[in-house]
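Fold and geometry: a report
Here's the letter readout for the chains.
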Amino acid sequence: MNIKQLLLSQIEKVVIDLRYDFLYEDEYEILCQVVQRDSSGSIENTPLSFHLHINEEKGTGHLIFYQAQGEIKRQSFDIENPTTILNILSFITDVLGSDPISRTK
């Protein structure tokens, strides 16, 4: 498993546990969105999105997080330092857990 697959799978697990859907597009760069769906399955809200840049050879990368008002944080990671990965997952959990819509579920 490469770094991209590892990181995306861990983020997806966290997001799904918080009752959101995780979408991503991997064309020229990796664009990810955390979405909330209504009862009919339509996208109701996008509380968090981010660009993910990975250097597979070095095992490093960074994420640029966005909400509706614009960029909210930049965060780097190094696969050899598990704390950096945990920091990313914790940040996502904190943002989604503090979203007022998620508290009504």
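Residues numbered from 1 in each chain as written. Predicted model: local features only at pLDDT ≥ 70, side-chain atom pairs only at ≥ 80, totals over all residues. Heavy atoms only, no water.

With 24 residues, the main nonpolar core has Ile11 and Ile92 as its most contacted residues. Taken together, the elements giving at least two residues each to this core come down to helix 1 (3-17), strand 2 (30-37), strand 3 (43-55), strand 4 (60-67) and helix 2 (82-97). Take this core: its biggest share by element is seven residues, from helix 2. Not counting residues up to four positions away in its chain, the partners in contact with Ile92 are Ile11, Val14, Val15, Leu48, Phe50 and Phe65. (Core = buried A, V, L, I, M, F, W, Y, C linked by side-chain atoms within 4.5 Å. Buried < 20%, exposed > 50% of the residue type's maximum accessible area, 1.4 Å probe, protein only. Helix = DSSP H or I, 4+ residues; strand = E, 2+ residues; numbered from the N terminus. Contact = heavy atoms within 4.5 Å.)

This brings us to helix 1. With 15 residues, helix 1 should reach 21 Å at 1.5 Å per residue; the first-to-last C-alpha distance of 21 Å fits that figure. When helix 1 is considered as a whole, its buried residues turn out to be Ile3, Leu7, Leu8, Ile11, Val14 and Val15. One face of helix 1 carries all of its buried residues, which in axial projection span an arc of 125°. For helix 1, the exposed residues set more than 90 degrees away from the buried face come down to Lys13 and Asp17. On the buried face of helix 1, the contacting elements are strand 1 (21-26), strand 2, strand 3, strand 4, strand 5 (70-78) and helix 2. (Expected span 1.5 Å × (residues − 1). Arc of directions from axis to C-beta.)

Confidence in the prediction for the protein chain averages 90 pLDDT; 91% of positions are at 70 or higher. Taken as a whole, residues 99-105 scores under 50 in pLDDT and shows 14 contacts with residues more than four places along the chain or in a different chain. (pLDDT = per-residue confidence, 0-100.)

Now for unusual backbone geometry. Here Arg19, not a glycine, exhibits a phi torsion of approximately 75°, which is positive. Among the secondary structure elements, Arg19 is positioned in the loop between helix 1 and strand 1.

Here we come to the pattern of salt bridges. Pairs can form between side chains of opposite charge once their charged atoms are near each other. Tallied over the full model, the rule gives three salt bridges. Across the salt bridge formed by Lys4 and Asp26, the nearest N and O atoms sit 2.4 Å from each other. Pair noted here: Lys4 is in helix 1 and Asp26 is in strand 1, with a separation of 22 residues, a long-range link. (Salt bridge = Lys/Arg side-chain N within 4 Å of Asp/Glu carboxyl O.)

Enumeration over the complete set of coordinates arrives at four aromatic pairs. Measuring from centroid to centroid gives 5.9 Å for Phe22 and Tyr24, while their planes differ by 40°, and the two rings are tilted. Exposure remark for Phe22: the relative accessible area of 9% places this residue in the buried category. When the ring of Phe50 is compared with that of Phe65, the centres are 5.3 Å apart and the planes differ by 55°; the resulting orientation is tilted. Note that Phe50 is positioned in strand 3 and Phe65 in strand 4, a separation of 15 residues in sequence. (Phe/Tyr/Trp six-rings, centres within 6.5 Å; stacked < 30°, edge-to-face > 60°.)

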